[in-house]
Amino acid sequence: LNCDGIHPGYGFLSENADFADLVESEGIKFIGPKGKVIRLMGEKSNARELMIKSGVPVVPGSTGVVEDLDDAKEIINQIGLPVLIKASNGGGGRGMRAVYNTDEIENAFLSAKNEALSAFGNDDMYIEKLIVEPKHIEFQILADKFGNVVHLGERECSIQRKNQKMIEESPSTFLSPELRREMGEVSIKAAISCNYENAGTIEFIVDKDKNYYFIEMNTRIQVEHPVTEMVTGIDL
């Protein structure tokens, strides 16, 4: 076929670990991270555990998958309301429910599980503290196969509708130079911890007091990457 490499694009196969493994097994370069890294970081509860071990700040919450409704209630009792119940394999706001009162827990947990199963074929859930008045900041990562990792600054995507990003801004006017430098260094640490390779994004929630918390990693180049290209002049 005279094919040396396959780039999977922005969605669909770009985060399909089985496809990445299949491409590599055929002796073709998958232009993206290894399949095992896609699996690790795509499973949000596992990614969360890895970040905790690596010293990356995470939102207070469950340390792994929430087993059942009783487990959910116990965790919520420990961390306090409000909380977010989230699908471990979710994205785009699906399989996610905010809970502000104890009488909402059962319906929120079960409906989130059902939506996650329908949308992602997996109903594993985890729970984290709901950050009030948050800023959504993501750092663009580039990593090679030799363990070298850099970041290309941040994009702020706090303006959203139904948990879908509407506007991306770079640089963020919310971050100070010192906080930008610190979050950039932590983003690199996060990528190194999972042996990341290629382009990716480390996503954070930042509260009104400028405390930041890792929420997830996108193991692909994102649709919004041209914002970073316009700011840096680098062709990702």
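Preceding block: the structure.
Here is what the cut-offs are and how they apply
Residues numbered from 1 in each chain as written. Predicted model: local features only at pLDDT ≥ 70, side-chain atom pairs only at ≥ 80, totals over all residues. Heavy atoms only, no water. Helix = DSSP H or I, 4+ residues; strand = E, 2+ residues; numbered from the N terminus. Rg over C-alpha atoms; globule rule 2.2 N^0.38 Å. Buried < 20%, exposed > 50% of the residue type's maximum accessible area, 1.4 Å probe, protein only. Contact = heavy atoms within 4.5 Å. Areas by Shrake-Rupley, 256 points an atom, 1.4 Å probe, with all protein chains shown as cover. Lys, Arg positive; Asp, Glu negative; His and termini not counted. Charge placed at Lys NZ, Arg CZ, Asp CG, Glu CD. Pairing = 2+ DSSP bridges. Patch = residues over 30% accessible without salt bridge, like charges linked within 9 Å, V, L, I, M, F, W, Y side chains within 5 Å. Salt bridge = Lys/Arg side-chain N within 4 Å of Asp/Glu carboxyl O. Core = buried A, V, L, I, M, F, W, Y, C linked by side-chain atoms within 4.5 Å. 1 Å grid on protein atoms, 1.4 Å probe; cavity = no way out; pocket = protein on both sides within 12 Å on 5 of 7 lines; lining within 4 Å. Points joined across faces, edges and corners; volume = space filled by probe spheres on them. Nonpolar A, V, L, I, M, F, W, Y, C, P; charged D, E, K, R; others polar. Axes fitted to C-alpha atoms, helices over the stretch in contact; angles between N-to-C directions. Parallel < 35°, antiparallel > 145°, perpendicular 65-115°, else oblique. Left-handed = near helix turned anticlockwise from the far one by under 90°.

A. Representation of the overall build of the protein within the structure. Along its length, the protein carries 7 helices and 11 strands. Here the protein has a C-alpha radius of gyration of 18 Å; the compact-globule value for 236 residues is 18 Å, and the two agree. Counting only C-alpha atoms and orienting by the principal axes, one finds that the protein spans roughly 60 × 40 × 30 Å. Looking at the 236 residues of the protein, the share that counts as buried comes to 44%. Restricting the contact set of the protein to residue pairs at least 6 apart, pairs at least 24 apart contribute 56%. Total accessible area computed for the protein in this model is approximately 12000 Å², and 50% of it derives from carbon and sulfur atoms. Separation of charge centres in the protein, based on 25 positive and 38 negative side chains, amounts to 2 Å.

B. Expanded view of the pairing of strand β5 (residues 125–129). Of all the 5 residues making up β5, 4 are buried; the element is thus mostly covered by neighbouring parts of the structure. With 5 bridges joining them, strand β3 (residues 83–91) and β5 adopt antiparallel strand pairing. Among the inter-strand pairings, A87 is bridged to a residue of β5, identified as M125.

C. Quick look at a negative patch on the surface. Negative charge collects at one region of the surface, where E67, D68, D70 and E74 lie side by side. Tracing the backbone shows D70 in helix α4 (residues 69–79).

D. Region of the structure containing the nonpolar core. Counting residues in hydrophobic clusters, the biggest one holds 27 residues, and the most contacted among them are M41, M51, M183, F204 and F214. Only α2 (35–42), α3 (44–53), β6 (135–143), α6 (177–193), β10 (198–206) and β11 (212–218) provide two or more residues apiece to this core. Per element, the largest residue contribution to this core is 5 residues, and it comes from α6. Every residue in contact with M51, bar those within four places of it in the chain, is listed here: M41, V56, V58, A190, S193 and F214. Among the nonpolar cores identified, the runner-up in size contains 16 residues, and V83, I85, A108 and A112 belong to it.

E. Looking closely at empty space enclosed by the protein. Inspection of the entire model under this criterion finds 1 cavity of 30 Å³ or more. By volume, the largest cavity amounts to about 30 Å³. K44, R48, V58, Y126, E128, F214 and I215 are the residues that line the largest cavity. Considering only residue class, the lining of the largest cavity consists of 4 nonpolar, no polar and 3 charged.

F. Geometry of the packing of α4 against helix α5 (residues 105–120). For the pair α4 and α5, interaxial distance at closest approach is 10 Å and the crossing angle is 125 degrees. On the basis of the axis angle, α4 is oblique to α5. In terms of crossing hand, the pair formed by α4 and α5 is right-handed. Contacts between α4 and α5 pair L69, A72, K73 and I76 from the former with I105, E106 and F109 from the latter.

G. Broad picture of the pattern of salt bridges. Taken as a whole and judged by the stated rule, the model has 16 salt bridges. The salt bridge partner of K29 is E197, with a shortest N-O separation of 2.7 Å. Of this pair, K29 sits in strand β2 (residues 29–30) while E197 sits in the loop between α6 and β10; the two residues are 168 residues apart in sequence, bridging distant segments of the chain. Judged by relative accessible area, which is 33%, K29 ranks as partly exposed. Residue class for E197 comes out buried when judged on its relative accessible area of 12%. Across the pair K44 and E216 runs a salt bridge, and its minimum N-O distance is 3.2 Å. In this pair, K44 is assigned in helix α3 and E216 in strand β11, connecting sequence segments 172 residues apart. Three or more residues are tied together by salt bridges with common partners; here these are E138, R155, K165, E168, E203 and E224.

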